[in-house]
Structures are given as structure tokens and as C-alpha cells.
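Next come the chains, spelled out residue by residue.
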Amino acid sequence: MTFAHDTEMSLQAAITLVNSEDPTEDTLETLADLQRFYDEFAYTGRHDADQAELHTIRALRPRLRELLTADRDDAVELVNEMLREGKALPQLVRHEPFDWHLHAVDNQAPLATRIVVETAMAMIDVIRADEMSRLGHCADEECTGVVLDLSRNRSRRFCSTPCGNRNAVAAYRARQATAG
């Protein structure tokens, strides 16, 4: 199953935001980090780029983690709550560099509101398609990351290349130890 571009982008942004809160290294600590996130996921509209906005965006992470790791029925409740709070009114919009896609709140709404509502809108597609299995926890036992698996064969198990590499090396060493 392939989702629409805006759905995939919103899910990837939410995963990146959630995974930025790593116990060993927080990757969303500075205004420069926030700007990179904003640019990487091609957000448009209001961006205060101040400490208050950074604090608000960082505070979203537990709530988004809850949504992205919820079972389907619980996810429905969370999505509906997020859409109500954000006063979502879905509309088709077009702006560079994207063709027609959905926005559900005004471009002048706070970035945090837009992130929450866009994630909730993306989760509508995931829930309706019964594709919750595309979201899960990283298979690395020491990692708290969340995984978005958009692969055709549903083979993604790790949240990042470093987690995958660390586990591949550990598996290789274990095989070498038992073979020798």
C-alpha cells in the first residue's frame, strides 16, 4: 500500500519528531535544529522560530509517540481529539513544490497545531486502510525509536541506519562466535 505524498510526508515528519527525543542524544534542542526540521519536511506558513515555538514542538513528542504506537481503536480516539482541538477543516491546496494536497488548518495557525493536525490527518489514511502494522517500535532492544515501514515487503525493523547497522554487526559477531 502506498499512501499519498502528503500522508507519507506527515508520517515521516511525526516519526522524525518523536525519534528526536532519544535518551542518549536529543536532536531537537536548538532553534537551528527546529529550522532544519521545518525545512526538511517542507512546512509552509507561520514559523515563529523562537524558544517558545521550540519548547511547544518538543512538548508534542510524547503525544505523537502515543498516537503512532497506539492500537487502531485507541488511535481513532486520539485522532478525533487532535482534529477537534485543532479545529480542522480539510481543504485542498497547492503550493510549491507540491501539487494538490490536504491542509486542515490555516497556514497562520501555530506550527505545533499544524504538526498535530497534519499527523492526525495522515493517521486517518493509516487507520482507514487498516495499516497500523506500518508503525511500530524499533527492533533494537536498547532503542526507544518508532519505525515507519513504507517498504513494499514490510521489512523495515529499525528506526535508523545506525540501529540497523549495530544489530547487523552484533548478529555477525554472534555467528562468528558460534562458528569458531
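Scroll up for the structure.
Bear in mind that the values here come from a model prediction, so they are computed numbers and not experimental data.

1. What about the environment of Arg114?
Next up, step 1: Positionally, Arg114 belongs in helix α5 (residues 111-128).
Next up, step 2: Given a relative accessible area of 1%, Arg114 falls into the buried group.
Next up, step 3: Residues Arg114 and Glu142, 28 residues apart in the sequence, show an inter-C-alpha distance of 32 Å.
Next up, step 4: Ignoring sequence-local partners within four residues, the contact set of Arg114 consists of Tyr38, Thr44, Gly45, Arg46, Val105, Asp106, Asn107 and Ala109.

2. So, helix α1 (residues 5-19)
Next up, step 1: Between the first and last C-alpha of α1 there are 21 Å, a value that for 15 residues agrees with the 21 Å anticipated at 1.5 Å per step.
Next up, step 2: Of all 15 residues in α1, 11 are buried; the element is thus mostly enclosed.
Next up, step 3: Among the residues of α1, those classed as buried are Asp6, Thr7, Met9, Ser10, Leu11, Ala13, Ala14, Ile15, Leu17, Val18 and Asn19.
Next up, step 4: Close packing links the buried residues of α1 with α2 (31-40), α3 (51-68), β2 (98-103), α5, β3 (135-137) and β4 (146-148).

3. Focus: the pairing of strand β1 (residues 91-95)
Next up, step 1: Pairing analysis gives four bridges linking β1 to β2, with the strands arranged antiparallel. When the bridges of β2 are listed, Val93 appears paired with His101.
Next up, step 2: Linkage of β1 to β2, two consecutive antiparallel strands, is achieved through a turn of two residues.

4. Quick word on the packing of helix α4 (residues 72-85) against α5
Next up, step 1: It is at 9 Å that the axes of α4 and α5 come closest, and there the two elements cross at 145 degrees. In terms of crossing hand, the pair formed by α4 and α5 is left-handed. For the pair formed by α4 and α5, the contact residues are Arg72, Ala75, Val76, Val79, Met82 and Leu83 on the first element and Val116, Val117, Ala120, Met121, Met123, Ile124, Ile127 and Arg128 on the second.
Next up, step 2: Considering only residue class, the contact of α4 with α5 consists of 12 nonpolar, no polar and two charged.

Each value, and the rule that gives it
- Residues numbered from 1 in each chain as written.
- Predicted model: local features only at pLDDT ≥ 70, side-chain atom pairs only at ≥ 80, totals over all residues.
- Heavy atoms only, no water.
- Helix = DSSP H or I, 4+ residues; strand = E, 2+ residues; numbered from the N terminus.
- Buried < 20%, exposed > 50% of the residue type's maximum accessible area, 1.4 Å probe, protein only.
- Contact = heavy atoms within 4.5 Å.
- Expected span 1.5 Å × (residues − 1).
- Pairing = 2+ DSSP bridges.
- Axes fitted to C-alpha atoms, helices over the stretch in contact; angles between N-to-C directions.
- Left-handed = near helix turned anticlockwise from the far one by under 90°.
- Nonpolar A, V, L, I, M, F, W, Y, C, P; charged D, E, K, R; others polar.

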